[in-house]
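# Coordinate inspection notes
In case you want the letters, here they are:
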Amino acid sequence: MSTDHAFPPGFLWGAATSAYQIEGDPLADGAGPSIWHRFSHTPGRVAGNATGDLACDHYHRAQEDVALMANLGLNAYRFSIAWGRVLPDGRGRVNQRGLDFYQRLVDRLLEQDIQPMITLYHWDLPTALHDRGGWLNPESPAWFADYAQVLFRALDDRVAAWVTINEPWVAAVLGHLEGVHAPGHADAFEAARVTHHLLLAHAEACAVYRAIGAHQIGIALNLEPQYPASDSAADRAAADRRDAFINRWLLDPLFFGRYPEAMPAIFGPAWPDFPSADLERIRRPADFIGVNYYSRGWVQADPSAWPLGATRIQRTDAPSTAMGWEVYPNGLTETLLRLKTQYGNPPAYITENGAAFEDPAPVEDRVEDAHRVAYLRDHITAAGAALQEGVNLRGYFLWSLLDNFEWAEGYTKRFGLYRVDPEEQRRIPKASADFYRKVIASNGVGM
Ligand SMILES: N=[N+]=NCCCCNC(=O)[C@@H]1[C@H]2[C@H](O)[C@@H](O)[C@H](O)[C@@H](CO)[C@@H]12
């Protein structure tokens, strides 16, 4: 069977990044600090006590990086806006110099025929809002809608698509339940309310956009298919619970206006009784669903593992990435097919897909990252297979353009098509950059 999955004309081939992970200089030009600035500057929270102070210095190198994107042949680029650069206090006063950075970036992208896809929130909540309760405050959806409106008015004439919230699950669970991401809370009673307010924030921004926007708006979810580690009833039930916990917790309210029935059982007293009017607002039809796909879950029942009674186990008989995530391209096809068969085949983008590997050292200004080339080839092929099954897939955004600040892992995990070391700031091409350039030029993975 040919692996040449031709993609439709107009298919978007992009790369994805986020503000705190690549920009550096987070307080430049009057910007206000974010919870990730505070968290990374708290000793012991991030590997090597790394911070986003340098990152890829993109705030000062945007023109050079747009030239890299053009050289790759990207026709789209997904990036996020740092809320605190535009609204230093999170609300009210607009910091024009912060907004101007994004105006210039959008104009440079359009000069190269690269369509911007802008993420409004990629985890970097202004500390000024966090100190007023952050996403636990019932006012937070309104704060977000006001911030979104400033950006819609400033940029919607030049922006093809908006993503409201990146991975609400990670922001809520890693940030408020597991405490390993900013703001570093480990409180069973926070995650459900934070997720609910993030979904309401998405809905309020969509409502504002319906009134003044002219293009597309959606949300980006980390979707991870769950498989039982054995065919025992206990493992199958554990996989179902983890599927509700990671995937359906977000998909079901967004598409059906209801939370999975498993959630109150999982969280017990920590699951509030949410008003049905809220769920009605959350079920507002966004224009597309963004899928961030990395791997699958291999799940074993484990009664000691609160709140799920299930754990994702590392397979020793399957290849995995430097993050410990199994390389499983079929999971991308299955995830996309599920959107078709269970959620009404909505317009979809792969808003993130990529892998960290222990890359070899550069030789003559080039990195031979064969593992990443293989990962990308297999996953782009898997996306093409879903298209051939009728999935309404509109584009693929590779994570990531540059090695960058990988959250709690600091700079120890490299996902980029270009190698970047914060202390020297060169962009060293990897074999995967050449591979992706060829995929874009031939609009598919030809063999
Ligand atoms: N249990 N469990 N599961 C944890 C699943 C978390 C999956 N991580 C992501 O999706 C993050 C996404 C993020 O947008 C980006 O900012 C990150 O740099 C990439 C790479 O890490 C991915």
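In what follows, the structure referred to is the one given above.
In this report, we go over the structure that sits alongside the text. What you see is a predicted model, and the numbers here were worked out from it, not measured in a lab. Sequence order as written defines residue numbering, which begins from 1 separately in each chain. With pLDDT at 70 or above as the cut-off, local features in this predicted model cover only qualifying residues; side-chain atom pairs require 80 or more to be listed or tallied, and sums for whole chains, interfaces and linings still use all residues. The basis for every side-chain value is the complete set of non-hydrogen atoms in the structure, without hydrogens or water.

## Digging into the overall build of the protein chain
Within the protein chain one finds 15 helices and 13 strands. Relative to the compact-globule value of 22 Å for 447 residues, the protein chain shows a C-alpha radius of gyration of 21 Å, a close match. If one aligns the C-alpha atoms of the protein chain with their principal axes, the spans along those axes are about 55 × 55 × 45 Å. For the protein chain, with 447 residues in total, the buried portion stands at 62%. Per the convention used, a helix needs a DSSP run of H or I reaching at least four residues, while a strand needs a run of E reaching at least two, with both numbered from the N terminus. Using C-alpha atoms as the atom set, the radius of gyration is obtained and then compared with a globule rule of 2.2 Å times the number of residues to the power 0.38. Each residue gets one of three labels from its accessible area relative to the maximum for its type: buried under 20%, exposed over 50%, partly exposed in between, using a 1.4 Å probe on protein chains only.

## Brief notes about the site of the ligand
Taken together, 18 residues are adjacent to the ligand, and Gln-21, Glu-167, Glu-352, Glu-406 and Trp-407 come closest. N or O atoms within 3.5 Å of each other form a polar contact, as long as, within protein, one can give a hydrogen and the other can take it, and as long as residues adjacent in sequence are counted only when both atoms are side-chain atoms. Between an oxygen atom of the ligand and a side-chain N or O atom of His-122, the distance comes to 2.9 Å. In the environment of the ligand, an oxygen atom lies 2.7 Å from a nitrogen or oxygen atom belonging to the side chain of Glu-167. A total of 520 Å² of accessible area belongs to the ligand in isolation, and the protein chains cover 89% of it. Put simply, Ala, Val, Leu, Ile, Met, Phe, Trp, Tyr, Cys and Pro go in the nonpolar bin, Asp, Glu, Lys and Arg in the charged bin, and everything else, Gly too, in the polar bin. Looking at side-chain class alone, the shell around the ligand contains 8 nonpolar, 5 polar and 5 charged residues. It suffices for a single heavy atom of a residue to lie within 4 Å of a molecule or strand for the residue to be listed as near it. In these tables, accessible area is a Shrake-Rupley quantity obtained with a 1.4 Å probe, and a residue counts as shielded only by the protein chains included in the view.

## Re the sheet that holds strand S8 (residues 297-301)
In this scheme, strands are said to pair when DSSP sees at least two bridges between them. The strand order across the open sheet formed by 3 strands is S6-S8-S9, and the pairing between neighbours is mixed. The sheet is open, and its two edges are formed by strand S6 (226-228) and strand S9 (310-312), each paired on a single side. Pairwise comparison of adjacent strand axes, ignoring direction, gives a mean angle of 40° for this sheet. Pairing between S6 and S8: 3 bridges, direction parallel. All axes here are fitted lines through C-alpha atoms, helices being fitted over the stretch that makes contact, and every angle between N-to-C directions spans 0 to 180 degrees.

## Some words on unusual backbone geometry
A cis amide bond links Trp-306 with the next residue in sequence, Pro-307, at an omega value of 0°. Although it is not a glycine, Ala-55 adopts a positive phi angle of roughly 50°. The topology assignment puts Ala-55 in the loop between helix H2 (35-40) and helix H3 (58-72). Owing to a relative accessible area of 0%, Ala-55 belongs among the buried residues under this scheme. Its identity is not glycine, yet Asn-443 carries a phi of approximately 55°, on the positive side.

## So, the packing of helix H14 (residues 370-388) against helix H15 (residues 431-442)
Relative to each other, H14 and H15 sit at 25°, their axes nearing to 9 Å. On the basis of the axis angle, H14 is roughly parallel to H15. Relative to H15, H14 is oriented so that their crossing is right-handed. Between H14 and H15, the contacting residues are Arg-372, Val-373, Leu-376, Arg-377 and Ile-380 on the first element and Ala-431, Ser-432, Phe-435, Tyr-436 and Val-439 on the second. When an angle is under 35 degrees it counts as roughly parallel; over 145 it counts as roughly antiparallel; between 65 and 115 it counts as roughly perpendicular; any other value is oblique. Note on convention: the crossing is left-handed when the near helix lies turned anticlockwise from the far helix by less than a right angle, right-handed when the turn is clockwise. Here, two residues are considered to be in contact whenever any of their heavy atoms come within 4.5 Å of each other.

## As for the sheet that holds strand S10 (residues 348-353)
Read around the closed barrel, the 8 strands follow the order S1-S2-S3-S4-S5-S7-S10-S11; overall the barrel is parallel. Here the strands of the sheet are splayed against their neighbours by 25° on average, with no regard to which way each runs. The pairing of strand S1 (residues 12-16) with strand S11 (residues 393-399) spans 5 bridges and is parallel. Looking at the pairing, Ala-16 lines up with Trp-399 of S11. Sheet strands in contact with helix H7 (residues 140-155) are strand S3 (115-121), strand S4 (161-166) and strand S5 (216-222), and its direction is about 160° off that of S3.

## With respect to the packing of aromatic side chains
The pairing test for Phe, Tyr and Trp rings, Trp by its six-membered ring, is centres within 6.5 Å, and the orientation test on the planes gives stacked under 30 degrees, edge-to-face over 60, and tilted for anything in between. According to the stated counting rule, one finds 45 aromatic pairs in the structure shown. Ring geometry for Tyr-20 and Phe-405: centres 5.3 Å apart, planes at 85°, overall edge-to-face. On the criterion of sequence distance, the pair formed by Tyr-20 in helix H1 (residues 19-22) and Phe-405 in the loop between S11 and strand S12 (418-419) is long-range, its members being 385 residues apart. Judged by relative accessible area, which is 0%, Phe-405 ranks as buried. Ring geometry for Trp-123 versus Trp-407: centroids 4.7 Å apart, planes at 45°, classification tilted. You can see Trp-123 sitting in the loop between S3 and helix H6 (127-130) and its partner Trp-407 sitting in the loop between S11 and S12, a full 284 residues away along the chain. A relative accessible area of 6% means that Trp-123 is categorised as buried.

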